[in-house]
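Descriptive structure summary
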Amino acid sequence: MAVSSDQDQKQARAGRVVSLVIAGAMILWLAAQWLGPQLGLPGRYALLIDFAAIGALVWALVVTLQLWRKRQDKEG
């Protein structure tokens, strides 16, 4: 039973990391969208920030799907 509990803790930790990545990416993206024009940054920097946020969200989606599949396999 200790192995199962250890796996549950690892999955819970991974879920927390995913949630922090999603929240952090959105906060940084929103801040960059507001700060960019204030500093007079060119549009290419906004595009770079957009791609970084998309990358973070795609990573979070992949990890979330992996966690979901592990739970489905465990229950089934």
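Residues numbered from 1 in each chain as written. Predicted model: local features only at pLDDT ≥ 70, side-chain atom pairs only at ≥ 80, totals over all residues. Heavy atoms only, no water.

Scanning all chains against the criterion turns up 2 salt bridges. Across the pair aspartate 6 and lysine 10 runs a salt bridge whose closest N-O atoms are separated by 3.8 Å. Placement of both aspartate 6 and lysine 10 in helix α1 (residues 2-39) is noted, with a separation of 4 residues, approximately one turn of the helix. A residue is classified by how much of its surface remains accessible, and aspartate 6, at 37% relative accessible area, is partly exposed. Residue lysine 74 pairs with aspartate 8 through a salt bridge whose shortest N-O separation is 2.4 Å. In this pair, lysine 74 is assigned in helix α2 (residues 43-75) and aspartate 8 in helix α1, connecting sequence segments 66 residues apart. (Salt bridge = Lys/Arg side-chain N within 4 Å of Asp/Glu carboxyl O. Helix = DSSP H or I, 4+ residues; strand = E, 2+ residues; numbered from the N terminus. Buried < 20%, exposed > 50% of the residue type's maximum accessible area, 1.4 Å probe, protein only.)

The next point concerns α2. Between its first and last C-alpha, α2 extends 48 Å over 33 residues, near the 48 Å set by a 1.5 Å rise per residue. Those residues of α2 not exposed but buried are Ala53, Ala56, Ala60, Val63 and Leu67. (Expected span 1.5 Å × (residues − 1).)

Right, let's talk about the side chain of glutamine 11 for a bit. For glutamine 11, the location among the structural elements is in helix α1. Residues within four places of glutamine 11 in sequence aside, it is in contact with Leu67, Lys70 and Arg71. (Contact = heavy atoms within 4.5 Å.)

All right, on to a nonpolar patch on the surface then. On the surface, Trp34, Leu35, Leu39, Leu41, Tyr45 and Leu48 cluster together into a nonpolar patch covering about 650 Å² of accessible area. Contributions of two or more residues to the nonpolar patch are made by α1 and α2. No other element matches the 3 residues that α1 contributes to the nonpolar patch. Examined against the element boundaries, tyrosine 45 turns out to sit in helix α2. Looking at tyrosine 45, the relative accessible area reads 38%, which means it is partly exposed. (Patch = residues over 30% accessible without salt bridge, like charges linked within 9 Å, V, L, I, M, F, W, Y side chains within 5 Å. Areas by Shrake-Rupley, 256 points an atom, 1.4 Å probe, with all protein chains shown as cover.)

What follows deals with the environment of glycine 24. For glycine 24, the location among the structural elements is in helix α1. The spatial distance from the C-alpha of glycine 24 to the C-alpha of alanine 46 is 17 Å, given a sequence separation of 22 residues.

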